[in-house]
Amino acid sequence: MTEQTFVLPDVGEGLTEAEIVQWRVAPGDTVAVNDVIVEIETAKSLVELPSPFAGTVGELLASEGATVEVGAPIITIGSADATPPAPAQPATVPEPSDPGGAVLVGYGTGGAVSSRRRKPAERPVKASVGVVAKPPIRKLARDLGVDLAAVTPSGPAGEVTRQDVVKHAEQASVFRNIETPEWGAVREETIPVAAPVAPAPVDDAREESIPVRGVRKATANAMTSSAYSAPHVSVWVDVDASRTMELVKRLKASPDFADVKISPLLIMARAVIWALRRTPMINATWVDGVDGAQIRMRHYVNLGIAAATPRGLLVPNIKDAQAMNTRELAKALESLTLTAREGRTSPADQAGGTFTITNIGVFGVDAGTPIINPGEAGIIALGAIRQKPWVVDGEVRPRWVTTVSGSFDHRVVDGDGISRFIADVASVLEEPALLLD
């Protein structure tokens, strides 16, 4: 019997590692080619891997919960013949067509940055032996020319306090006579920062440490990368969404939408697509290339919808949303949301997004300043829709009011484009008939 080893493949999303979630086989089981043998969690989704070999399972080389690098052996399968194995392929996970497109998280390596620091010259400091005082108090005493040994302490356990030093120095006269030092002969110097302090031991009875991996690790990497690479600018506006709520009510009563979930998010999605057509720079992306930075215009809308799932944040997107009518868009939103909440969104469904909507209103939140999804130039948030007093034709009336807020990459789009985009979205929510143009 020939024993063959299956290594963890790259499932087509720039994978460098994955977590073994669940083995579907055990040693001694018989498997055929393309039988699912293991479920793994990548940066953004669960993926089922099929067996490239037929035979008997020998040894499971990675335990459930372990994080394994691409190319590492994970299972051995014994075969009765020596037929060359077929190349390992993941199950139904197409590779993204645009390597420069947006993904929630890309794994990468970064070299450590080192700096050469000149050690500052040591200055002699006269110690106050036997005096209990914190370092800032000792510094204050040196600055004021106060001998701590001569100060009467008033703090607990005989500790000298700031007030003790100031009082002893006779503030009114001493502060006026603090010597102003000359400018140093060295133009610049680097002051070393204290080394990081090790975390305190965990109190097992009251605290818990949760490993950061899978979707949480992916989200953390993506948000950190976006926050520190794209200069975010945030804007928001209050909107009278009463006519949007009336339209939602009419669509729910329509036989054409009887089998589709209708919510204000549908009108928001239509409004965003309309506004992106009027301000296409919002739908662009910043690309750092070998020949310099570029802004890549995208004449299509892959509309991302942020979805909270038991595994963390997922942002699948609706491909070519600009080509859909209202019913098609409603069906796509419903399918996308249900799949994401079940944790079954494929990497391909999360790749290539051009703009994202986050519906924070479902949590009762009015507004926020969301972080842009990497590879995109903006994200917009729909706040809670509440009845509030609103001035209409000079009279205060109860209206359905919401706040539309968003964050945008200021490298790609300027303030006028951002303001025009937000104003366009608000205009549609106030008057959905604008979508008939």
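Residues numbered from 1 in each chain as written. Predicted model: local features only at pLDDT ≥ 70, side-chain atom pairs only at ≥ 80, totals over all residues. Heavy atoms only, no water.

A.B. asks: Looking at this structure, how should I read the sheet that holds strand β6 (residues 55-60)?
C.D. replies: In a beta sheet, neighbouring strands pair by backbone hydrogen bonds and run either parallel or antiparallel. Strand order in the open sheet made by the 4 strands is β1-β8-β6-β3, with antiparallel pairing throughout. The open sheet has two edge strands, β1 (2-7) and β3 (30-31), and neither has a second partner. Two elements, β3 and β6, share 2 bridges in a ladder whose sense is antiparallel. Note on β6: the bridge partner recorded for T30 is T56. (Pairing = 2+ DSSP bridges. Helix = DSSP H or I, 4+ residues; strand = E, 2+ residues; numbered from the N terminus.)

A.B. asks: How should a nonpolar patch on the surface be read in this particular structure?
C.D. replies: There is a patch of nonpolar side chains on the surface, built from M281, I295 and M297 and spanning about 220 Å² of accessible area. Structurally, M281 can be placed in the loop between α6 (264-278) and β10 (285-289). Residue classification places M281 among the partly exposed residues on the basis of a relative accessible area of 31%. (Patch = residues over 30% accessible without salt bridge, like charges linked within 9 Å, V, L, I, M, F, W, Y side chains within 5 Å. Areas by Shrake-Rupley, 256 points an atom, 1.4 Å probe, with all protein chains shown as cover. Salt bridge = Lys/Arg side-chain N within 4 Å of Asp/Glu carboxyl O. Buried < 20%, exposed > 50% of the residue type's maximum accessible area, 1.4 Å probe, protein only.)

A.B. asks: Honestly, the sheet that holds strand β7 (residues 67-69) in this entry has me stumped. Any pointers?
C.D. replies: With antiparallel pairing, the 4 strands of this open sheet are ordered in space as β5-β4-β2-β7. Two strands in the sheet have a free side with no partner beyond their single neighbour: β5 (46-50) and β7. Across the sheet, the mean angle separating the axes of adjacent strands is 45° when strand polarity is ignored. The pairing of strand β2 (residues 17-23) with β7 spans 3 bridges and is antiparallel. In the sheet register, A18 faces β7, and the bridge partner there is V68. (Axes fitted to C-alpha atoms, helices over the stretch in contact; angles between N-to-C directions.)

A.B. asks: Quick question: what am I supposed to make of helix α4 (residues 214-229) here?
C.D. replies: An α-helical segment advances 3.6 residues per turn. Residues three or four places apart therefore align on the same side. When the terminal C-alpha atoms of α4 are compared, their 23 Å separation across 16 residues agrees well with the 22 Å that a helix rising 1.5 Å per residue should span. Turning to α4, its buried residues are G214, V215, A218, T219, A222, M223 and S226. Burial along α4 is one-sided: seen end-on, the buried residues are contained in an arc of 150°. Buried residues along α4 sit in contact with β4 (36-41), β9 (232-240) and β14 (312-314). (Expected span 1.5 Å × (residues − 1). Arc of directions from axis to C-beta. Contact = heavy atoms within 4.5 Å.)

A.B. asks: Please clarify how unusual backbone geometry should be interpreted in this entry.
C.D. replies: A negative phi angle is the norm for most residues apart from glycine, just as the trans form is the norm for most peptide bonds. Of note in the backbone geometry, N34 takes a positive phi value of approximately 80° without being a glycine. Structurally, N34 is set in the loop between β3 and β4. One non-glycine residue, D393, lies in positive phi territory at about 55°. One can find D393 in the loop between β18 (386-392) and β19 (395-409).

A.B. asks: What is the right way to read the packing of aromatic side chains from this model?
C.D. replies: Describing an aromatic ring pair means giving the distance of the ring centres and the angle of the ring planes. Considering all chains together, one arrives at 2 aromatic pairs under this definition. Ring geometry for F408 and F421: centres 5.8 Å apart, planes at 75°, overall edge-to-face. Here the residue F408 occupies a position in strand β19, and F421 occupies one in helix α9 (residues 415-430), the gap between them amounting to 13 residues. An aromatic cluster is built from F355, F408 and F421, whose rings are joined through pairwise contacts. (Phe/Tyr/Trp six-rings, centres within 6.5 Å; stacked < 30°, edge-to-face > 60°.)

A.B. asks: Whenever I open this one, helix α5 (residues 242-253) confuses me. Can you help?
C.D. replies: With 12 residues, α5 should cover 16 Å at 1.5 Å per step; its first-to-last C-alpha distance of 17 Å lies within 8% of that length. Taken together, the buried positions of α5 are occupied by S242, T244, L247, V248 and L251. Looking at the buried residues of α5, the elements they touch are β9, α6, β19 and α9.

A.B. asks: Is there a simple way to think about the nonpolar core in this case?
C.D. replies: Within soluble globular proteins, side chains that are nonpolar generally end up buried alongside one another. V272, L303, F355, I357, I380, F421 and V425 are the most contacted members of the largest nonpolar core, which totals 44 residues. Taken together, the elements giving at least two residues each to this core come down to α5, α6, β12 (303-305), α7 (326-341), β16 (355-358), β17 (378-382), β19 and α9. Top contributing element to this core by residue count: α6, with 11 residues. Counting 21 residues, the second largest nonpolar core, distinct from the first, contains I20, W23, V47 and I75. (Core = buried A, V, L, I, M, F, W, Y, C linked by side-chain atoms within 4.5 Å.)

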